[in-house]
Amino acid sequence: MFRGYNLRQRVVIDADTAERIGIISDVEIDELSGRIARLIVKRRNGLLSGCFGIGELTVPWSAITAVGREFVLVKSFDFGEKCLKN
């Protein structure tokens, strides 16, 4: 078992394309179940992206295929605007 804060700073990789998606910056917890619902992944899209939340994706827990010591593999899902954190 691992804790949510242990996921921070792990690299997220698309399992189908082997593309680096970004680095986990936070996790979202489902209030009712207490389980991790999504990972917040920071993409490298420029200097101001961290300040305004631009360049962050939410990855649903259901998309995760494996969690390792340094990497998290996710199966392909729509990385489009629907996944951008508002």
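None of the values given here were measured: they were computed from a predicted structure. (Residues numbered from 1 in each chain as written. Predicted model: local features only at pLDDT ≥ 70, side-chain atom pairs only at ≥ 80, totals over all residues. Heavy atoms only, no water.)

K.L.:
Describe the pairing of strand β6 (residues 71-74), with residues and values.
P.N.:
Because side chains alternate across β6, one face comprises the buried residues Val72 and Val74, and the other comprises Phe71 and Leu73, none of which is buried. Bridging between strand β1 (residues 11-14) and β6 involves four bridges; their strand directions are parallel. Within β6, the residue paired with Val11 across the bridge is Phe71. Sheet topology note: the strand β5 (residues 64-67)/β6 ladder contains three bridges and is antiparallel. Looking at the pairing, Val67 lines up with Val72 of β6. (Buried < 20%, exposed > 50% of the residue type's maximum accessible area, 1.4 Å probe, protein only. Helix = DSSP H or I, 4+ residues; strand = E, 2+ residues; numbered from the N terminus. Pairing = 2+ DSSP bridges.)

K.L.:
Describe the pairing of β1, and please don't skip the residues or the numbers.
P.N.:
Across the two faces of β1 the burial is the same, with Val11 and Ile13 and Val12 and Asp14 all buried. With three bridges joining them, β1 and strand β2 (residues 20-29) adopt antiparallel strand pairing. Paired with Val11 across the strands is Ile23, a residue of β2. Between β1 and β2, which pair antiparallel in sequence order, lie five residues; one of them, Ala18, sits at a positive phi of approximately 60°.

K.L.:
Describe the environment of Glu28, listing the residues and the values that go with them.
P.N.:
Here Glu28 lies in strand β2. Sequence separation of Glu28 and Pro60 is 32 residues, and the distance between their C-alpha atoms is 9.4 Å. For Glu28, the contacting residues outside a window of four places in its chain are Arg35, Ile36, Ala37, Arg38, Ile40 and Thr58. (Contact = heavy atoms within 4.5 Å.)

K.L.:
Which residues make up the pattern of salt bridges, and what are the values?
P.N.:
All told, the structure shown has one salt bridge when counted by the stated rule. Residues Glu28 and Arg38 are paired through a salt bridge, measuring 3.1 Å at the closest nitrogen-oxygen approach. With a gap of 10 residues between them, Glu28 in strand β2 and Arg38 in strand β3 (residues 36-42) connect regions that are remote in the sequence. (Salt bridge = Lys/Arg side-chain N within 4 Å of Asp/Glu carboxyl O.)

K.L.:
Before we move on, could you go through the sheet that holds β2 and cite the residues and values that matter?
P.N.:
Taken together, the six strands give an open sheet; going across it, the order is β4-β3-β2-β1-β6-β5, and neighbouring strands pair in mixed fashion. The sheet is open, and its two edges are formed by β4 (56-60) and β5, each paired on a single side. For this sheet, the mean angle separating the axes of adjacent strands, direction not counted, is 35°. (Axes fitted to C-alpha atoms, helices over the stretch in contact; angles between N-to-C directions.)

K.L.:
Outline unusual backbone geometry, supporting the account with residue identities and numerical values.
P.N.:
At Gln9, a position not held by glycine, the phi torsion is positive, near 75°. Checked against the element boundaries, Gln9 lands in the segment before β1. For Gln9, a relative accessible area of 56% corresponds to the exposed category. Its identity as a non-glycine residue notwithstanding, Ala18 has a phi of 60°, on the positive side. Mapped onto the elements, Ala18 comes out in the loop between β1 and β2. Taking the relative accessible area as the measure of exposure, Ala18 reaches 60% and is therefore exposed.

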